[in-house]
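Secondary and tertiary structure notes
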Amino acid sequence: MEAYHHKCLLEVFTARLVDDLIPSEILHHITVGLTKDDLEYIKLVDKHEGSRKATELLLRKIIESEEPLVAFAEFVKVLTHANGYRHLADLLSGDIVKDLEPQKRLLVALAPPLVEDMNAIHLCVEITCLSEEDRQHIRSDFQQAGPRAAAITLLNRLPKRGPTWFKEFLEALKKHSLHLYHQILGIKTDADGNVEDKEDENIAAKELHAGLEATNNRDVMTAENNTTEENKLSSVVVDENGDDSEQSCDSDGAKDLTKDEIETKTVLEVNLSKPDQESDDTIVNSACEENSQSSSIDEEQTNGEKSNDEGCEKPGTVGEEPDIQLRDYQAELATPCLNGSNVIICAPTGSGKTRIAAYVTYQHLKGRPKGEGKVLLLVNKVPLVEQHFNKEFSILTSKYKVSKICGETAVKVSFMELVKNNDIVILTAQILGNALRNGDGGEKLSLTDFSLLIFDECHHTQKGEVYNSIMSQYLTEKHEKQSGRLPQILGLTASLGVGGAKDKDKAVKHLLMLCANMDATVLKTVQEQKKELKKHNSKPKKCVEVVGDRDEDPCGDELKKIMKKIQEMLPTEFQNRTDFGTQVYEQFITEVNTKAVVRQDRKMQTCAEHLRKYNDALMVNDSARMIDAVNYLTEFYEMEERRSEGFDETDRELVAIFDKLFRTLSTIMTSKKKESENPKLQTLKDQILEEFKNKDHSRGIIFTKTRESTKALVAWIKDTPELNSILKVDRLTGSGSTSYSKNVIMTQKEQLEVIRKFQQGELNCIVATTVAEEGLDIPECNIVIRYNLVTNEIAMVQARGRARAEDSSYLLVAGHKSGAAERELTNMYKEKLEKDAVALVQKMSKEDFKKQVKEFQIQALNERKMQEASAKAKKQVTTADQADLICRKCSTVACNASEICKIENMHHVNPSESFTEMYDVREIKPVEHGYIINIGKIVCKKCKRDWGIMILYKGARLPCLSIKHFGLKFKNGVILTPKKWKDVPFEVEGLDFTEYLTQQLNLPTVSIKETE
């Protein structure tokens, strides 16, 4: 019975608790009654959905707790001792607590002038009901976003801090912002801000408090009269809707007031009588947004996290027109876009293509009625979202609402809501692709919902790319559904490429196919303003340095001996390879690995895995030093030792072979260090010194092939005194997790930090993989070096475009056996071929161009239909119950494929209780990905090889499996080795989470009664 009483108390006061409580401020004090997973999930909801949703969840968890009385008592105890929440503890204990609803409404009414002219830093020190965490947030917002943001945070948090908040606020204003205090009281002041009659101040203060008190009492009486017998567990029930609030305040004290004072009082009464239709978390922001020319900052965004991880928006203001100035060549490029045509703009890196896109966006929205224009800017790299949001497109926030969404943010916010509430959204293309394919929150998205799509780096609109998937749906709408309201298309690129063509005809065909994929009617380059373009975009001088190999390579020789020895442990047909240290050999090893899984041959699989690492070490040795290759292998074998309990005889033999090799290499590094120095590094060193010693404020980028080589080159620079004295260096790589070595993977946050340091001059050199070639806003460099790296003509143009400073250099340093110099010459020919092909396309008649583009489009649509039919047929070949998942290393049967379910339509989990016997969990530092937290690694119980990750999803621990770590063994004996879940030949069902909770965990669903 007592538990029911406490449940009723929580239900009765849900609305008040939801209004006033910020769970993140008390959760760390709760030690009993709720589980650790419960508390982690509440924190996650608090961060991503706000304090109101988190409080509702907290109350539900208390009610559903195995020990609800303990959980309730702990909750009340924490509230009692937490700064600013004693009034909530009193409320749950049955004491009368004033709601101060009229004071909240008055605060809302006066918020616009207050936030513009209030010193929140001084005020928060004086207001004792605020918690220290409140003050920290206010200070943080002041430092990061300015005084206005700090003021909004103060006004949002004040009403949550007990019955004394309004009185303390007025006293603080009186001390530090007397003019605002007078404004709240409605007192006349002279030109110097002095009160004309001191008696007026006393009368106005008394009248304000009397009016507010009368309204408070009326609200309390209304609430009490409307309270049912069931809810009379406490003395007061707050009327959250203010149903009777249109009644006037008690006016007994107004009979002696002057006409001006009566008018002032009337204004206050009108403000107090407004129904509280919005939550207190955002209502101050709404009031400020409606009355201010500045961008609003909601509380979730001002709590110290400035939009790096959230879907962030910049609401525009009315009437302030963006001032975007274009150079003449930029205006030339923009012209066909302004006419409404679908256009591909091809212009050099650094010529200002994003500024053109911002200008086109402005003109596009300007020419449409409010709400009828929706613009998406699509990018292919996460850092570009942040870059465009904060750079060229930020100028549009003076007129329009601009938002961003990328990466982890995609599961924290609703894409549909973001689109509805903003004029411009900047996002990674994969998010749009997912939304078009799967919908968003039950709502189906269509390309017809938008009026302009901008594709950054549009040369990626090729088969297999997400850009092309999006445009395939566009072409389906156009040709099959014949939708009349399709968005305009704008593509931006520095190089279109020739797609492997060796002659003009095939190069022209490639360009026409790209135009077809983009549905472009115009391929635009600068033609009339070439002189101006050249003035602002000069090409660097180019140099190719071909370098010989080492005179001696004892490290490489020893590595090859070991590889030959390990190769002899493989079946006979795999023992005769000699092309060690090449990408061709890496492809061979991949083939061996796949066959090992199919044969269920653990020894073969283990040898292939180790041979791959030796091959990687040889490539590191070729690019860098012996020590770097040895360090790479050492790191791998140290990680192997951590799973030694899962070793078999082959594992132990290979570890012993490396231990012996390590001793040999240590001796070589000591005795033959000078003879085995890498001549490519010496050439690289000479080039860097020449550029950096003779020029002030030099900046440079060194592009290299692999993440491991970026790490090695940075270590070499720091170990070389002549370079370390002039270079402030760091590396920049992708954020994917394909590498075995976790030390070479960069998070998105780390990427942005390196770019920021380079932009601001804290670094003057970056060693990067190809991630830095395209799009990123990297400052002008006077030296760009491609070190032992040549890919295609597009990459060459992109990398060279980084060298934009005056008198800059573009260098290629490569070994003579690598073939890099020859490939560079081929790329230069292809660059010329592209230029000629573009001219031919631009000379085509409109009719011929249109005809050929349409033919390519119809051909592409037919190919897509066939591919979809084939994929659908493959999914129907069999059913999941016909296959088992087997460990790729030891062939242990992990589970039946029918046990696998999808969550969020992408993560594949096995919620079966029996599956827990098949794996071990290695705890890791929790990493958040929206509503999902990675809390551990899943490894095979037998061989300790990785299987996936343990995740926390909606409070439940679920093993999330990566299919690349498994083989699929069917009942007929066939074994497949899919790399991605989309490649499995059966359908995977979605997880019914409610059913999972009720059946697997035996948890009944209990909901808190909604209190309006």
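To start, this report covers the structure provided alongside it. (Residues numbered from 1 in each chain as written. Predicted model: local features only at pLDDT ≥ 70, side-chain atom pairs only at ≥ 80, totals over all residues. Heavy atoms only, no water.)

**Thoughts on the overall build of the protein**
A count of helical and extended segments in the protein gives 37 helices and 24 strands. Residues counted as buried form 54% of the 1012 residues belonging to the protein. For the protein, the exposed surface amounts to about 46,100 Å²; the carbon and sulfur share of it is 48%. (Helix = DSSP H or I, 4+ residues; strand = E, 2+ residues; numbered from the N terminus. Buried < 20%, exposed > 50% of the residue type's maximum accessible area, 1.4 Å probe, protein only. Areas by Shrake-Rupley, 256 points an atom, 1.4 Å probe, with all protein chains shown as cover.)

**Some details on the sheet that holds strand β10 (residues 700-703)**
Overall, parallel pairing links the 6 strands, which are arranged β9-β14-β13-β10-β12-β11 in an open sheet. Here the strands that pair on one side only, and so sit at the sheet edges, are β9 (541-547) and β11 (729-732). Strand-to-strand twist of the sheet, defined as the mean angle between neighbouring strand axes without regard to direction, takes the value 20°. When β11 meets strand β12 (residues 765-768), the two strands line up parallel, connected through 4 bridges. Note on β12: the bridge partner recorded for Leu 732 is Ala 768. The strands that helix α31 (residues 707-719) touches are β10, β11, β12 and β13 (783-787); relative to β11, the one it contacts most, it runs at about 180°. (Pairing = 2+ DSSP bridges. Axes fitted to C-alpha atoms, helices over the stretch in contact; angles between N-to-C directions. Contact = heavy atoms within 4.5 Å.)

**Here we look at the sheet that holds strand β23 (residues 966-970)**
With respect to topology, 4 strands assemble into an open sheet ordered β16-β15-β23-β24, the strand pairing being antiparallel. Each having just a single partner strand, β16 (893-896) and β24 (975-976) make up the two edges of the open sheet. Inspection of the sheet shows strand β15 (residues 883-887) paired to β16 by 3 bridges, in the antiparallel sense. Within β16, the residue paired with Leu 885 across the bridge is Cys 895.

**Re the nonpolar core**
Within the largest apolar cluster, 61 residues are counted, with the highest numbers of intra-cluster contacts made by Leu 58, Phe 75 and Leu 885. Sequence-distant contacts of Phe 75, that is, excluding residues within four places in its chain, are made with Leu 10, Leu 17, Leu 21, Ile 26, Leu 58, Leu 59, Ile 62 and Leu 92. Within the second largest apolar cluster, 51 residues are counted, among which are Val 419, Ile 489, Leu 496 and Phe 856. (Core = buried A, V, L, I, M, F, W, Y, C linked by side-chain atoms within 4.5 Å.)

**A few points about the side chain of Arg 888**
Along the chain, the position of Arg 888 falls in the loop between β15 and β16. Despite being buried, Arg 888 has no salt bridge partner; Asp 983 is the closest side chain of opposite charge, sitting 9.0 Å away. Each residue touching Arg 888, except ones within four places of it in the same chain, is listed here: Val 597, Gln 605, Ile 963, Lys 964, His 965, Phe 966, Gly 967, Thr 977 and Pro 978. (Lys, Arg positive; Asp, Glu negative; His and termini not counted. Salt bridge = Lys/Arg side-chain N within 4 Å of Asp/Glu carboxyl O.)

**Points about helix α11 (residues 165-176)**
Over its 12 residues, α11 extends 16 Å from the first C-alpha to the last, a length consistent with the 16 Å expected when each residue adds 1.5 Å. Buried within α11 are the following residues: Trp 165, Phe 166, Glu 168, Phe 169, Leu 170, Ala 172 and Leu 173. (Expected span 1.5 Å × (residues − 1).)

**Side note on the pairing of strand β20 (residues 932-940)**
The buried fraction of β20 is high, at 8 of 9 residues. Alignment of strand β19 (residues 919-929) against β20, held across 8 bridges, turns out to be antiparallel. Residue pairing for β20: Val 927 is matched across the bridge by Asn 934. Both β20 and strand β21 (residues 946-953) contribute to a ladder of 7 bridges, which runs antiparallel. By the bridge assignment, Ile 933 is partnered in β21 with Leu 952. Between β20 and β21, which pair antiparallel and follow one another directly, the connecting turn spans 5 residues, one of which, Lys 944, has a positive phi of 65°.

This is a description of form; function is not addressed.
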